[in-house]
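# Topology and contacts: notes
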Amino acid sequence: MNLQDLAPKYVRLIAPYQPGKPVFELAREMGLNPAEIVKLASNENPLGMGSKAKAAIEKELAELARYPDGNGFDLKRKIAQKYKVNSDQIVLGNGSNDVLELVARAFLSPGDSAVYSQYAFAVYPLVTQAIGAQGIQVNALDYGHDLDAMLAAIVPTTKLVWIANPNNPTGTMARPGDLFEFLQNCPKNVLVVLDEAYTEFFTPEKRPDSMSWLTDFPNLIVVRTFSKAFGLAGLRVGMALTSPAVADIINRVRQPFNVNSLAQAAAIAALDDEEFLKKTLRVNSEGMAQLTAAFVRLGVSFIPSQANFIAFHCGDAAALNLFMLQRGVIIRPLAPYGLTNTLRVSVGLPAENARFIEVLEEALAD
Ligand SMILES: *Cc1c(COP(=O)(O)O)cnc(C)c1O
């Protein structure tokens, strides 16, 4: 007998998520020196974490024998101040992936459906399917969300729409006006999850003022993370910002201690570290310019990106990815998204970008 058969069919059919390869794993596999490996695969902050967050963690170490604050009182108060919302509009998560799963678990059940775009973040189909709800995938438009088609795809069973802006893995954006229009036209009894994991990287004129939309659209759930611009991916902390009624329901399926005390302390400090955020954005825009200039020089076509990573096209992506790995450069294949001629590289420090470009050039000359 196969114990896997005890799991519902919709669980057995889930394709496992493929994370970026860890440095130590590649070092072992290829016999490389870990110090020489460049990891540009998971859109992490190449600067590491900010000094304020680090100091907050060190201070919090003395309290680790205690359970964390299950309601995240101080962190929610800080978030509320920063984003001009009330604490009862916030749900904290063990990373925003946790929040995405909580939303699915709170609102979806078998027989319901959720709409998402082709090439959108892999976690949307994953959490939808894990519930046994039906995923409705809408064809992408120029690698991004086709909001009109997504609206048209909503059917009576639809309870949720997943939108990533900017989108991962393609880096595409939806215009603020188009998003607003989408919210206006979306049925009021359908929740819209607007995943803004990379919103800090937007130039101000492209960044939607999603916080101001929360009042008009109680069905809007904005999701943010501390994993990218704030440099805390390893700590796992993210949040949903929504109407009090929706937050209340999501909080009911949340485990009380899902955000640990180091993460809470670091997140509070990170929100105050303007300096670090500014430096992060500067390193990113310079790195993005470095990468795109190289793509242009080498005749490599790419998808213009608003985030801290960029997808580029190449003939045989699997072969190029292997070539990179053998030389200690970890980037991300997009074959799981059906993009077999496309790879995604995260923006790193200048020397890391230069190493990636060097190996790319070598591969193209090969
Ligand atoms: C990286 C990313 C997240 C953040 O995940 P965490 O669980 O907060 O680390 C969320 N959404 C998208 C689209 C992402 O790319």
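Residues numbered from 1 in each chain as written. Predicted model: local features only at pLDDT ≥ 70, side-chain atom pairs only at ≥ 80, totals over all residues. Heavy atoms only, no water.

## Side note on the domain arrangement of the chain
For the chain, the domain assignment lists domain 1 (3-48 + 275-365) and domain 2 (62-272). Distance from the C-alpha centre of domain 1 to the C-alpha centre of domain 2: 24 Å. Contacts between the two partners involve 28 residues from domain 1, matched on the other side by 30 residues from domain 2. Counting the surface domain 1 buries against domain 2, the share from its top three residues, Tyr 10, Gln 306 and Tyr 337, is 29%. Run the count over domain 1 and domain 2 and you get 0 salt bridges. Summed over the shared surface of domain 1 and domain 2, the result is 8 residue pairs in polar contact (both at pLDDT 80 or more). Mapped onto the side of domain 1 that touches domain 2, the elements with two or more residues apiece are helix H1 (9-12), helix H12 (274-298) and strand E10 (309-313). In terms of residues, the side of domain 1 that touches domain 2 owes the most to one element, H12, which gives 5 residues. (Domains from an automatic or database assignment. Contact = heavy atoms within 4.5 Å. Buried area = accessible area lost by both parts, 1.4 Å probe. Salt bridge = Lys/Arg side-chain N within 4 Å of Asp/Glu carboxyl O. Polar contact = N/O pair within 3.5 Å; in protein donor to acceptor, adjacent residues only side chain to side chain. Helix = DSSP H or I, 4+ residues; strand = E, 2+ residues; numbered from the N terminus.)

## Description of the pairing of strand E8 (residues 238-241)
By the alternation rule, side chains of E8 split into Gly 238 and Ala 240 and Met 239 and Leu 241, which are all buried. Summarising the sheet, strand E2 (residues 90-93) and E8 pair through 4 bridges and their orientation is antiparallel. What sits directly across from Leu 92, in E8, is Met 239. Note: strand E7 (residues 220-225) against E8, 4 bridges, orientation antiparallel. Among the inter-strand pairings, Arg 224 is bridged to a residue of E8, identified as Met 239. (Buried < 20%, exposed > 50% of the residue type's maximum accessible area, 1.4 Å probe, protein only. Pairing = 2+ DSSP bridges.)

## Remarks on the nonpolar core
Residues Ile 79, Ile 163, Leu 220, Phe 226 and Leu 241 are the most contacted members of the largest nonpolar core, which totals 46 residues. In terms of residue count, helix H11 (residues 261-272) provides more of this core than any other element does, 6 residues in total. One finds Tyr 116, Ala 120, Phe 121 and Ile 250 within the second-largest nonpolar core, a separate group that totals 35 residues. (Core = buried A, V, L, I, M, F, W, Y, C linked by side-chain atoms within 4.5 Å.)

## Quick word on the UniProt feature "domain: Aminotransferase class I/classII large" (unreviewed entry) in the chain
Sites flagged by UniProt as "domain: Aminotransferase class I/classII large" (unreviewed entry) map to residues 36-358. Across residues 36-358, the secondary structure splits into 40% helix and 17% strand, with the terminal C-alpha atoms separated by 14 Å. (UniProt positions renumbered as here; feature names shortened; annotations may be inferred.)

## A word on H11
With 12 residues, H11 ought to run about 16 Å at 1.5 Å a step, and its terminal C-alpha atoms sit 17 Å apart, in line with that. For H11, the tally of buried residues reaches 10 of 12 residues, placing the bulk of the element in the interior. For H11, every residue scored as buried is listed here: Ser 261, Leu 262, Ala 263, Gln 264, Ala 265, Ala 266, Ala 267, Ala 269, Ala 270 and Leu 271. On its buried face, H11 sits against helix H3 (51-60), helix H4 (73-83) and H12. The N-terminus of H11 is capped by Asn 260, whose side-chain oxygen sits 3.0 Å from the backbone nitrogen of Leu 262. (Expected span 1.5 Å × (residues − 1).)

## Things to note about the sheet that holds strand E4 (residues 134-138)
Across the sheet, which stays open at both edges, the 7 strands sit in the order E2-E8-E7-E6-E5-E3-E4 with mixed pairing between neighbours. Only two strands of the sheet have a single neighbouring strand rather than two, namely E2 and E4. Recorded for the sheet is a direction-independent mean angle of 20 degrees between the axes of neighbouring strands. Most of the contacts of helix H6 (residues 123-131) go to strand E5 (residues 158-164), to which it runs at about 160 degrees, and overall it touches strand E3 (113-117), E4, E5 and strand E6 (191-195). (Axes fitted to C-alpha atoms, helices over the stretch in contact; angles between N-to-C directions.)

## Some details on the site of the ligand
Looking at the ligand, the residues that line it are Gly 95, Ser 96, Asn 97, Phe 121, Asn 168, Asp 195, Ala 197, Tyr 198, Thr 225, Ser 227, Lys 228 and Arg 236. In the model, a nitrogen atom of the ligand is placed 2.7 Å from a nitrogen or oxygen of the Asp 195 side chain. Separating an oxygen atom of the ligand from a side-chain N or O atom of Tyr 198 is a distance of 2.6 Å. Taking 380 Å² as the accessible area of the ligand by itself, protein coverage stands at 94%. One can see that the ligand is located within the second largest pocket. (Near = heavy atom within 4 Å. Areas by Shrake-Rupley, 256 points an atom, 1.4 Å probe, with all protein chains shown as cover. 1 Å grid on protein atoms, 1.4 Å probe; cavity = no way out; pocket = protein on both sides within 12 Å on 5 of 7 lines; lining within 4 Å. Sits in = over half its atoms within 2 Å of the grid points.)

## Things to note about unusual backbone geometry
Here the amide bond leading from Asn 165 into Pro 166 is cis, since omega sits at -5 degrees, within 30 degrees of zero. Within the secondary structure, Pro 166 sits in the loop between E5 and helix H8 (176-185). Omega for the peptide link from Asn 168 to Pro 169 comes to 20 degrees, which places this bond in the cis form. Located in the positive-phi region is Asn 43, a residue other than glycine, with phi close to 60 degrees. For Asn 43, the location among the structural elements is in the loop between strand E1 (38-39) and H3. Positive phi outside glycine occurs at Arg 236, with the angle close to 70 degrees. According to the relative accessible area criterion, Arg 236 is partly exposed, its value standing at 27%.

## Here we look at the packing of helix H13 (residues 317-326) against helix H14 (residues 350-365)
Close contact between H13 and H14 brings their axes to 10 Å; oriented N to C, the two are set at 125 degrees. In this view, H13 runs oblique relative to H14, as classed from their interaxial angle. Handedness of the H13/H14 crossing: right-handed. When H13 is examined against H14, the residues Leu 320, Phe 323 and Met 324 are found in contact with a partner set consisting of Phe 356, Val 359, Leu 360, Glu 362 and Ala 363. In the contact of H13 with H14, the residues fall into 7 nonpolar, no polar and 1 charged. (Parallel < 35°, antiparallel > 145°, perpendicular 65-115°, else oblique. Left-handed = near helix turned anticlockwise from the far one by under 90°. Nonpolar A, V, L, I, M, F, W, Y, C, P; charged D, E, K, R; others polar.)

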